[in-house]
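One-letter residues, chain by chain:
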Amino acid sequence: MLKDEEKPSSSGEVASVRPDSYESGSIRHADDAMLAKLGYKSEFRREFSLVETVAFAFSIMGIVASVSSTLSFPLAAGGHVGMVWGWFIPCIFVLCVAASIAELTSAMPTSAGLYYFSAKLANPRHAPLASWITGWANVTGQVALVCSIDFTCAQMITTAITVGSDGAIVLSSGATYGILLAILASHGIVCSSATRVLARLNLFYAAVNVGTSIAAIILLFVRSGDQRVSAKVAFTQFENNTGWSNSELTSPYLVLSDLISRGGGWAFLLAFTSPMWTLTGYDSAAHVSEEVAGASRAAPIAIMVGVGATQLLGWLLYIAASFATSSVPDLLSSDLPLPMGQLFLDILGKRGMLAIWSFIIVVQFVTGAAQGVDASRVVFAFARDNALPGSRWWKRINPHTQTPVNAVWLVISCSAICGLLGFSEAALSSLAGASVIGLYTSYATPVFLRITSGRRRLVPGPFSLGRWFIPIGAIAVAWVAFINVLLVFPSGQHTTAKDMNYAVVIIMAVFVYASLSWMFSARKWFTGPISNLSTTPSLEEKDNSTI
């Protein structure tokens with residue numbers, strides 16, 4: 001139930017207010033009134049509409065480009081079964097996570113997002129630590145996701161060059177890293193733009209994303225012709241091409257229960273990497289909520305619509321790819337960096353493949369740009385509460401664009417460093433694992449607190465799970481705990497330094513730094529989210545004063 005006005009109690013109760021119920025005094029805009037209730041003044045222009053916010057949350061998951069980037073995971077971990085059911089099963093659990101995050105975002109629409117939620121839902125004694133853990137996990141995941149998106153965009157470009165030259169040009173890891181740096185630099189420029197520009201760009205992002213996804217689905221179904229496999233093969237044939245052993249299988253056609261009982265289960269679970277990497281970043285709607293009009297309603301709608309639409313289109317795309325795949329081993333043995341490129345080449349020929357591939361590159365590029373915006377807002381918000389080294393630099397707002405330009409370039413620089421993993425054979429699995437573990441840990445922490453210490457601390461916003469918040473939240477937390485363990489495993493039982501999954505290295509490096517920093521310093525001064533309300537007029541007040 002919504003309450004019109006609630007002030008935070010000594011027990012740390014979180015306040016949520018209706019936009020139309022707050023009598024504005026010095027703050028005239030209803031969204032700014034809600035933000036002030038949460039402890040912050042408005043520093044952005046609210047120029048994201050509901051449609052543009054939905055477009056932003058949807059675009060950041062870049063469905064056709066994300067599937068094209070990660071097709072190798074389900075191909076190796078189950079073949080046709082990995083593609084179809086390796087996508088479908090995680091989607092059920094991700095919806096629980098997304099719904100839980102949407103409820104929290106509706107009640108507390110602030111750029112601080114997840115770590116703010118944790119601070120307000122935890123026991124006051126432990127609120128700073130909960131906020132610290134969530135914030136660092138989210139920052140880690142955000143930066144790793146920017147890098148992984150742009151790295152796969154670079155791989156797409158090298159794939160196009162190889163196909164265009166009929167295999168005569170195969171770029172090295174060094175050249176791929178150079179392309180990555182160029183993409184990161186261009187994204188730094190785009191993400192530094194004014195909010196109005198970014199909002200309008202997202203409509204273009206969404207249109208290209210949806211159009212290219214639908215085109216890819218149709219082309220794979222229609223143009224596969226004689227190569228198209230039967231429905232039985234497309235939906236039920238299991239092939240284990242990972243380094244994890246199977247017990248003997250009496251038939252390649254398996255239902256899920258038989259698959260797991262006969263020993264192929266662990267290999268199949270590795271297929272979950274693709275949907276888990278794709279279905280990240282939807283918390284972006286929370287991080288741009290201070291730039292959204294009607295944020296308490298628009299942001300949760302954007303999360304749920306973005307996740308639902310991505311899951312549906314992704315499943316249809318994987319079903320189409322499964323029907324079009326006549327030989328899983330042939331795709332995995334391709335000389336091209338990404339197996340999806342080989343699949344389009346087999347189905348459409350050189351010209352057709354390059355045509356659709358060029359649009360997929362555009363989708364991945366704009367996905368990286370959207371993620372760059374999201375990551376910079378997270379860094380800005382965390383720095384605003386003085387939680388990052390050099391926070392006074394990263395929390396500055398550029399007076400011309402009214403965006404956190406310094407935070408943008410910090411994200412770009414850290415992503416460039418993470419990109420050095422591109423010289424490893426397991427670069428994508430390492431970056432994908434690190435981004436998923438970081439982000440989903442930051443998702444699960446406030447959800448866990450919501451169903452434990454925060455049961456009575458939250459006053460729901462317009463989007464509420466009602467009495468279902470506990471079972472839905474419990475499923476979400478259990479799923480994240482499981483997937484975090486899964487994603488630190490390598491692709492095979494016997495690994496070397498070249499093919500090791502370095503996700504655990506990235507995550508542990510940040511964990512060790514954050515832990516030591518907390519024990520020796522931060523616990524003495526970090527108190528969680530800090531109110532920046534003062535007598536200084538907000539941005540909208542300044543604008544209104546000139547009317």
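Residues numbered from 1 in each chain as written. Predicted model: local features only at pLDDT ≥ 70, side-chain atom pairs only at ≥ 80, totals over all residues. Heavy atoms only, no water.

Enquirer: Please set out the overall build of the protein chain residue by residue, giving values where relevant.
Expert: The helix and strand inventory of the protein chain stands at 23 helices and two strands. Within the span of the protein chain, comprising 547 residues, buried residues form 59% of the whole. Accessible surface, the protein chain as shown: approximately 20,500 Å² in total, 64% of it carbon and sulfur. (Helix = DSSP H or I, 4+ residues; strand = E, 2+ residues; numbered from the N terminus. Buried < 20%, exposed > 50% of the residue type's maximum accessible area, 1.4 Å probe, protein only. Areas by Shrake-Rupley, 256 points an atom, 1.4 Å probe, with all protein chains shown as cover.)

Enquirer: Describe in detail the environment of Pro460, supporting the description with residues and values.
Expert: Tracing the chain through its elements places Pro460 in the loop between α20 (427-451) and α21 (469-486). Placed 356 residues apart in sequence, Pro460 and Leu104 show a C-alpha to C-alpha distance of 7.6 Å.

Enquirer: So what's going on with unusual backbone geometry? Residues and values would help.
Expert: Its identity is not glycine, yet Asp166 carries a phi of approximately 55 degrees, on the positive side. Among the structural elements, Asp166 can be located in the loop between α7 (127-164) and α8 (173-191). Phi is positive for Asn386, which is not a glycine, with a value near 60 degrees. Locating Asn386 in the fold gives a position in the loop between α17 (339-384) and α18 (391-394).

Enquirer: Report on the pattern of salt bridges, specifying residues and quantitative values.
Expert: All told, the structure shown has three salt bridges when counted by the stated rule. Arg450 is paired through a salt bridge with Glu103; the nearest N and O atoms lie 3.3 Å apart. Placement of Arg450 in helix α20 and of Glu103 in helix α5 (residues 80-107) is noted, with a sequence separation of 347 residues between them. The exposure classification of Arg450 matches that of Glu103, with both residues buried. A salt bridge links Lys350 to Asp166; the nearest nitrogen and oxygen atoms lie 3.3 Å apart. Of this pair, Lys350 sits in helix α17 while Asp166 sits in the loop between α7 and α8; the two residues are 184 residues apart in sequence, bridging distant segments of the chain. (Salt bridge = Lys/Arg side-chain N within 4 Å of Asp/Glu carboxyl O.)

Enquirer: I'd like to hear about the packing of α7 against helix α22 (residues 503-525), residue by residue, with values.
Expert: At a minimum axis separation of 10 Å, α7 and α22 run at an interaxial angle of 150 degrees. As α7 runs across α22, the sense of the crossing is right-handed. Along the contact surface, α7 presents Pro128, Leu129, Trp132, Trp136 and Thr140, while α22 presents Ile506, Ile507, Val510, Tyr513, Ala514, Ser517, Trp518, Ala522 and Trp525. Classifying every residue of the contact of α7 with α22 gives twelve nonpolar, two polar and no charged. (Axes fitted to C-alpha atoms, helices over the stretch in contact; angles between N-to-C directions. Left-handed = near helix turned anticlockwise from the far one by under 90°. Contact = heavy atoms within 4.5 Å. Nonpolar A, V, L, I, M, F, W, Y, C, P; charged D, E, K, R; others polar.)

Enquirer: Tell me about the state of the cysteines, and please be specific about residues and values.
Expert: Enumeration over the complete set of coordinates arrives at zero disulfides. With no disulfide partner, Cys147 has as its closest neighbouring cysteine sulfur the one in Cys418, 5.3 Å distant. Judged by its relative accessible area of 0%, Cys147 falls in the buried class. (Disulfide = S-S within 2.5 Å.)

Enquirer: Residues and numbers for the nonpolar core, please.
Expert: Core analysis: the biggest nonpolar cluster contains 158 residues, and Leu220, Tyr282, Phe344, Trp357 and Tyr440 have the highest contact counts within it. Considering each element in turn, this core owes the most residues, 22 residues, to α17. If near-sequence neighbours (up to four positions away) are discounted, Tyr440 is found in contact with Val94, Val97, Met276, Leu279, Thr280, Tyr282, Val480 and Asn484. (Core = buried A, V, L, I, M, F, W, Y, C linked by side-chain atoms within 4.5 Å.)

Enquirer: If you had to explain the packing of aromatic side chains to someone new, which residues and values would you point to?
Expert: Counting across every chain of the model gives 26 aromatic pairs. A centroid spacing of 5.5 Å and a plane angle of 70 degrees characterise the contact between Trp136 and Tyr513, whose relative ring orientation is edge-to-face. Taken as a pair, Trp136 in helix α7 and Tyr513 in helix α22 lie far apart in primary sequence, 377 residues in all. For Trp136, a relative accessible area of 12% corresponds to the buried category. Note on Tyr282 and Tyr440: the rings are 6.3 Å apart at their centroids and 75 degrees apart in plane angle, and the pair reads as edge-to-face. Separated by 158 residues along the polypeptide, Tyr282 in the loop between α13 (273-278) and α14 (284-287) and Tyr440 in helix α20 bring together distant segments of the chain. Considered together, Tyr282 and Tyr440 belong to a single accessibility category, that of buried residues. (Phe/Tyr/Trp six-rings, centres within 6.5 Å; stacked < 30°, edge-to-face > 60°.)

Enquirer: Hey, could you go over a nonpolar patch on the surface for me, with residue numbers and the actual values?
Expert: Among the surface-exposed residues, Val504, Val505, Met508, Phe511, Val512, Leu516, Met519 and Phe520 lie close enough to one another that they form a single nonpolar patch of about 730 Å² accessible area. Val504 sits in the partly exposed class, given a relative accessible area of 31%. (Patch = residues over 30% accessible without salt bridge, like charges linked within 9 Å, V, L, I, M, F, W, Y side chains within 5 Å.)

Enquirer: A description of helix α15 (residues 295-324) should follow, citing residues and the corresponding values.
Expert: For α15, built from 30 residues, the straight-helix expectation of 44 Å at 1.5 Å per residue is met to within 8% by its first-to-last C-alpha distance of 42 Å. In terms of burial, α15 is a largely internal element, 21 of the 30 residues being buried. (Expected span 1.5 Å × (residues − 1).)

Enquirer: So, the packing of α7 against α8: which residues are in play, and what are the values?
Expert: Relative to each other, α7 and α8 sit at 125 degrees, their axes nearing to 9 Å. Judged on the interaxial angle alone, α8 and α7 are oblique. Classified by chirality, the crossing of α8 by α7 is right-handed. For the pair α7 and α8, the contacting residues are Val146, Cys147, Asp150, Phe151, Cys153, Ala154, Gln155, Ile157 and Thr158 in the first and Thr176, Ile179, Leu180, Ile183, Leu184 and His187 in the second. (Parallel < 35°, antiparallel > 145°, perpendicular 65-115°, else oblique.)

Enquirer: I'd like to hear about the environment of Leu104, residue by residue, with values.
Expert: Checked against the element boundaries, Leu104 lands in helix α5. In this view, Leu104 contacts Phe117, Leu121, Pro446, Val447, Arg450 and Leu458; residues no more than four positions away in its chain are not counted.

Enquirer: I'd love a proper account of the side chain of Arg377, names of residues and values included.
Expert: Secondary-structure assignment places Arg377 in helix α17. According to the relative accessible area criterion, Arg377 is buried, its value standing at 0%. Of note is the side chain of Arg377, whose polar atom sits 3.0 Å from the side chain of Ser376. (Polar contact = N/O pair within 3.5 Å; in protein donor to acceptor, adjacent residues only side chain to side chain.)

Enquirer: How would you sum up the confidence of the model for the protein chain? Please name residues and give values.
Expert: Per-residue pLDDT for the protein chain averages 83, and the proportion of residues at 70 or more is 85%. Low pLDDT (under 50) marks residues 247-252, which in the prediction has ten contacts with non-local residues, meaning those over four places away or in another chain. Long-range and interchain partners of residues 535-547, a stretch whose pLDDT sits below 50, account for 17 contacts in this model, where long-range means more than four residues apart. (pLDDT = per-residue confidence, 0-100.)

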